[in-house]
Amino acid sequence: MTVNLEVADGVGTIRLDRPPMNALDIATQDRLRELAEEVTRRDDVRAVVVWGGEKVFAAGADIKEMQAMDHAAMVVRSKALQDAFTAVARIPKPVVAAITGYALGGGCELALCADFRIAADSAKLGQPEILLGLIPGAGGTQRLARLVGPSKAKDLIFTGRQVKADEALALGLVDRVVPAAEVHAQAHAWAARLASGPALALRAAKECVDAGLETDIDTGLAVERTWFAGLFATEDRDIGMRSFVEEGPGKAKFR
C-alpha cells in the first residue's frame, strides 16, 4: 500500500509510503480518501497524524502520470482528486500534519487539510504548479488563501516559489518549527493530548470553526449555538463540569 494506517493510544497515523518522494499518484489519492473515511468511522481513533516519514512529506503529484492525461481524463479525475483531500480536511477529529523535507504541490495541499502543522526546520513548502503551466487543483487556491490570506497565497501560487520553514512559520503556513528528528514525536504528542479529551466537544469545535469560515457570522453563531446547547446532553459535559466543581479545572478524565 502507498498509504498505511497505524493506531496506538487513540492516535491514528496516516503514513504516506511511496518512496522516494511520496508522489501523490491516483492510487495514493484514493487510498488517502479510504483511510480518511476509516479514521472518521473508528471509535478507537480520536486524533490523527498525517506523516510522510523521516525524509519527505510529499513532493507533489505524479507528474508522469498527469502528463499522460488529456483534458477529458482530468475533467473526470479532478473531482476525485479534490474529494480525496476533502475527506482528510473533513475528518471530524483533530488532525496534525508532521512535515519533513518537501511539502510541495499536492503535498502542501495535503498539509493544508490538517488543523495544525508541525514542520522540520529543514522543511520546504510551496505550490509550484504555475511552473507547469497549471494551478493548484487539490484545494490549494482555496485553503491556502483562507489560511494565510489572499495576497500571501497569491504570492506563493503566482510565483511557484518554495519557502523554508522559518518563512512558512512567519506566513502562518505552519504552526510550529522543530528539529527534523522531533517532528513525528511532537506531532504524536499533540494528537495524543487531544485524543484524551472530550471527543464530541472537539468535533463540535472543529465543525464550528470550519463551518463558520465558509459563511456569514450570524449563520456561524447559529451553528455554534446549536452545538453548544447540544453538548449539554453528553456524558463528557457531565464529567467535565463535575470534575471542575469537585476537583478544580483541568483534571477531568474523559471516557
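Reading the values: the criteria
- Residues numbered from 1 in each chain as written.
- Predicted model: local features only at pLDDT ≥ 70, side-chain atom pairs only at ≥ 80, totals over all residues.
- Heavy atoms only, no water.
- Axes fitted to C-alpha atoms, helices over the stretch in contact; angles between N-to-C directions.
- Helix = DSSP H or I, 4+ residues; strand = E, 2+ residues; numbered from the N terminus.
- Parallel < 35°, antiparallel > 145°, perpendicular 65-115°, else oblique.
- Left-handed = near helix turned anticlockwise from the far one by under 90°.
- Contact = heavy atoms within 4.5 Å.
- Nonpolar A, V, L, I, M, F, W, Y, C, P; charged D, E, K, R; others polar.
- Core = buried A, V, L, I, M, F, W, Y, C linked by side-chain atoms within 4.5 Å.
- Buried < 20%, exposed > 50% of the residue type's maximum accessible area, 1.4 Å probe, protein only.
- Pairing = 2+ DSSP bridges.
- Salt bridge = Lys/Arg side-chain N within 4 Å of Asp/Glu carboxyl O.

Trainee: I'm lost on the packing of helix 1 (residues 26-41) against helix 3 (residues 71-89) in this one. Help?
Mentor: In helix packing, the relevant descriptors are the interaxial angle and the interaxial distance, both defined with respect to the helix axes. Two elements in contact, helix 1 and helix 3, have axes separated by 8 Å at closest approach and are oriented at 40°. Relative to helix 3, the element helix 1 is oriented oblique. Note that helix 1 runs across helix 3; the crossing there is left-handed. Packed against helix 1, whose contacting residues are I26, Q29, D30, L32, R33 and A36, the element helix 3 presents R77, L81, D83, A84, A87 and V88 at the interface. Along the lines of polarity and charge, the residues of the contact of helix 1 with helix 3 split into seven nonpolar, one polar and four charged.

Trainee: What is the right way to read the nonpolar core from this model?
Mentor: One broad rule of soluble globular proteins: the nonpolar side chains tend to lie buried together. Ranked by internal contacts, the top residues of the largest apolar core, which has 60 residues, are F57, I99, L125 and L173. For this core, the element with the highest residue contribution is helix 3, accounting for six residues. For L173, the contacting residues outside a window of four places in its chain are C108, L112, R117, L125, L144, L147, V148, L156, V163 and A168.

Trainee: Looking at this structure, I do not really get the pairing of strand 4 (residues 95-99). What am I missing?
Mentor: Two faces make up the sheet, and in a regular strand the side chains alternate between them. Within strand 4, five of the five residues are buried, leaving the element largely enclosed by the surrounding structure. Judged by which residues are buried, strand 4 turns out to be covered on both faces: V95, A97 and I99 on one side and V96 and A98 on the other are all buried. Strand direction decides the pairing type here: strand 3 (residues 47-51) and strand 4, joined by four bridges, are parallel. Following the sheet pairing, W51 is matched in strand 4 by A98. As paired strands, strand 4 and strand 6 (residues 116-120) are joined by four bridges and run parallel to one another.

Trainee: How should I be thinking about the pattern of salt bridges in this particular structure?
Mentor: Close approach of charged atoms lets side chains of opposite charge pair. Inspection of the entire model under this criterion finds 16 salt bridges. For R255, the salt bridge is made with E235, and the minimal N-O distance between the two is 2.3 Å. Taken as a pair, R255 in the segment after helix 11 (235-247) and E235 in helix 11 lie far apart in primary sequence, 20 residues in all. Residue classification places R255 among the exposed residues on the basis of a relative accessible area of 67%. On the accessibility criterion, E235 (44% relative accessible area) is partly exposed. Taken together, the shared-partner salt bridges connect D30, R33, E37 and R77 into one network.

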